[in-house]
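# Structural features, examined
Residue strings, one per chain:
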Amino acid sequence: MARLTYNQQSFLMDGEEIQLLGGAMHYFRTVPEYWEDRLIKIKECGFNTVETCIAWNMHEPEEGQFVFDGIADIERFIKTAEKVGLYVIVRPGPYMCGEWEFGAFPYWLLTVPNIKFRCYNEPFLEKVDAYFDVLFDRLRPLLSSNGGPIIALQVENEYGSFGNDKKYLNYLRDSIKRRVNDELLFTSDGPLPSMLHGGMIEGVLETVNFGSRTEAAFEQLQRLQPNCPVMCMEFWHGWFDHWGEEHHTRTAESLLESLEPMLKQKASVNFYLAHGGTNFGFYNGANHSEEEYQPTITSYDYDALLTEAGDITEKFLAVRKMFEQYVELPEMNVPPNTPKKHFGVVQFTEHAALLDSLEQLSVPQQSQSPLTMEHYGQAYGFIVYETVIKGAYGKQTLTVQDVHDRGQIYLNGQYAGLVERIGGRSRIEVEITEDETKLQIIVENMGRINYGPFLTDYKGITEGVRLGNQFLFDWTVYPLPLKDLSQLVFTSEEPKENHPSFHRGMLTVHEAADTFIDLSEWTKGVVFVNGHNLGRYWEIGPQQTLYVPAPFLQVGENEIVILELHDHAECVKFVDQPVLG
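As a starting point, this report considers the structure included with it. These numbers come from a predicted model, not from an experiment. (Residues numbered from 1 in each chain as written. Predicted model: local features only at pLDDT ≥ 70, side-chain atom pairs only at ≥ 80, totals over all residues. Heavy atoms only, no water.)

### Observations concerning the overall build of the chain
Across its full length, the chain holds ten helices and 32 strands. Here the C-alpha radius of gyration of the chain, 25 Å, is about what a compact globule of 581 residues would show, namely 25 Å. The buried share of the chain, reckoned over its 581 residues, is 62%. Counted over contacts in the chain with a minimum sequence separation of 6, partners at least 24 positions apart contribute 78%. Of the charged side chains in the chain, 46 are positive and 83 negative, and the gap between their average positions amounts to 4 Å. (Helix = DSSP H or I, 4+ residues; strand = E, 2+ residues; numbered from the N terminus. Rg over C-alpha atoms; globule rule 2.2 N^0.38 Å. Buried < 20%, exposed > 50% of the residue type's maximum accessible area, 1.4 Å probe, protein only. Contact = heavy atoms within 4.5 Å. Lys, Arg positive; Asp, Glu negative; His and termini not counted. Charge placed at Lys NZ, Arg CZ, Asp CG, Glu CD.)

This is the structure in structure tokens:
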């Protein structure tokens, strides 16, 4: 029997009134070695519950190939939460949003014929059910009805911000219910009437998401759902950043102003996020307004109660102090912050040009037209398109029609220009003077859209390449997911300007500790530490450092490899403080 139920005013745990005080943390944004530290800190802030989304693309990266170990070990995370004394709320999706790549949908869904996302579409629901079969086999022993810590599960996520397909929502409700029996199910939506109407379904508790105007949000929820307890499932007390924007912060005073009315009326609340973490690798998502594609940065610090590196903040202490005024808490006993070290400078003396390394990094594929990454079975990273133009045409306009997301163009090995989805730059002027001209286009996938009406976001060259009005055909294509760099051949030869190159140096460490790599003198690229992809950097900011958790380092020598897309510096510094903007 489910432990969490509710009456007209309150949630009930085993029949006793309970105010849920939750804090969100995503297991896949924090290394497993630090899960317990972060969860203890969440509990010591005064929370009794941790909430996590589940990222489908982490668990089924290729169709039918399931991963539930390492940073994807959701069972270990939930058991760790139980160990430290927290209830668990799970949001299994299938859609997550969360500023995560493709809203946590696996890339391969884009290859399924006739698929439509987030609606009653049989090809889509068939894949969801196959995934849910595997996922819920793992979650079932952890449900409260089986003696575990999972007390509630969400149906979809903020669906009212996307659509109004109740047949789809009802199908998902029944699909989850069939797998978890009588556990409490809920939906969560933004505070506007259209959002709440769109996301509510019969037999499922609706919760509301907001960052301010608490009374108005709860009033709207109660108007549509009277005689039920109210809960803010996502209390936005911070925010995320896009590349090229200012770093978002929110004061403790502003946060408390919106929190106190909830505590006064004994409403339940879940902080989004208690701990944000990092978009390691290529897992950052992106937004898209009607006008502009907006990729999310690597840090998911979110100005949360715990920093990206898990340190407690003034906001953390302010929230704990306010909780103490409304609920009885034991004395706070917070673990110390993890040590941070300034490891100094690493020089880069070895280099490998990307265009000279294609055979080491990729198995080439042939196609008449340049097709998308998904067509070549590639999830993330970079892709190089290569063809030969025959005939000296003179001055021409070269158009890369609908590039997703950023393309560097080379003619006979010489840098010719840049095309970018950001800003809508799709063409450059070129001069074709040779009888044979090798054209190479290096395209970076900067993160699939995770929210809104433009989720169907193919990567690479999505339409074609033209000289004037003439499309170019007969391409050799090199997918570059960059999962393994061990075959690269490094030399001391300095790379050419504006030629993407890998740069290798060694960091000697006598004692592993958290650190931050300062990339303020570099332009744009990706960093690998002992093979771990830390994520992207970009000079336009706001962030200028990348977080390196101590478990990525080892005593002795550590290999640092930077893929710089444009102009590199000679060295980097490892510092003990982040610069997020």
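Let us keep going from here.
### Side note on the packing of helix H8 (residues 252–264) against helix H9 (residues 314–326)
Following both chains from N to C, one finds H8 and H9 inclined at 25°, their axes separated by 10 Å at the closest point. Between H8 and H9, the crossing angle belongs to the class labelled roughly parallel. As for the relative orientation of H8 and H9, their crossing is right-handed in sense. Facing Ala252, Leu255, Leu256, Leu259, Glu260, Leu263 and Lys264 of H8, the residues of H9 in contact are Lys315, Ala318, Val319, Met322, Phe323, Gln325 and Tyr326. (Axes fitted to C-alpha atoms, helices over the stretch in contact; angles between N-to-C directions. Parallel < 35°, antiparallel > 145°, perpendicular 65-115°, else oblique. Left-handed = near helix turned anticlockwise from the far one by under 90°.)

### A word on helix H7 (residues 214–224)
Looking at H7, one finds that the buried residues are Thr214, Ala217, Phe218, Gln220 and Leu221. Relative to the axis of H7, the buried residues are bounded by an arc of 155° and lie together on one face. Exposed and oriented more than 90 degrees from the buried face of H7 are Glu215 and Arg223. Those residues of H7 hidden inside the fold are in contact with helix H6 (193–199), strand S9 (205–210), strand S10 (231–236) and H8. (Arc of directions from axis to C-beta.)

### Section: the pairing of strand S21 (residues 427–432)
Covered by surrounding structure in S21 are Ile428, Val430 and Ile432 only, the residues Arg427, Glu429 and Glu431 on the alternate face being uncovered. As judged from the six bridges shared by strand S18 (residues 394–404) and S21, these two strands associate in the antiparallel manner. Bridge assignment links Leu398 to a residue of S21, and that residue is Ile428. (Pairing = 2+ DSSP bridges.)

### Topic: the side chain of Thr187
Position of Thr187 relative to the elements: it lies in strand S8 (residues 184–189). Looking at Thr187, its side chain comes within polar contact range of the side chain of Glu206, at 2.6 Å. Not counting residues up to four positions away in its chain, the partners in contact with Thr187 are Gln154, Val155, Gly199, Met200, Ile201, Val204, Leu205, Glu206 and Thr207. (Polar contact = N/O pair within 3.5 Å; in protein donor to acceptor, adjacent residues only side chain to side chain.)

### Describing the pattern of salt bridges
Evaluated as defined, the whole model comprises 32 salt bridges. A salt bridge links Arg140 to Asp137, with the shortest nitrogen-to-oxygen separation between them at 2.9 Å. Given a relative accessible area of 31%, Arg140 falls into the partly exposed group. The salt bridge involving Arg173 is made with Asp174; its shortest N-O contact spans 2.9 Å. Assessed through its relative accessible area of 37%, Asp174 is described here as partly exposed. The network of salt bridges with shared partners includes Asp405, Arg421, Asp457 and Lys459. (Salt bridge = Lys/Arg side-chain N within 4 Å of Asp/Glu carboxyl O.)

### Examining the sheet that holds strand S27 (residues 515–518)
On the basis of which strands lie adjacent, the open sheet formed by four strands has the order S14-S32-S27-S30 and antiparallel pairing. Looking at strand neighbours, the two that pair on one side only are strand S14 (344–347) and strand S30 (545–548), the edges of this open sheet. Strand-to-strand, the axes of this sheet are offset by a mean angle of 30°, without reference to chain direction. Relative to S30, S27 runs antiparallel, the two sharing four bridges. Residue pairing for S30: Ile517 is matched across the bridge by Leu546.

### A look at the packing of aromatic side chains
The full count for this structure, using the stated rule, is 40 aromatic pairs. On the basis of an interplanar angle of 85° and a centroid distance of 5.4 Å, the ring pair of Trp35 and Phe77 is categorised as edge-to-face. Taken together, the residues span a long stretch of sequence, with Trp35 in helix H1 (residues 35–44) and Phe77 in helix H3 (residues 74–84) at a distance of 42 residues. Between Arg118 and the ring centre of Tyr95, over which it is positioned, the NZ or CZ distance is 3.5 Å. (Phe/Tyr/Trp six-rings, centres within 6.5 Å; stacked < 30°, edge-to-face > 60°. Lys NZ or Arg CZ within 6 Å of the ring centre and 35° of its normal.)

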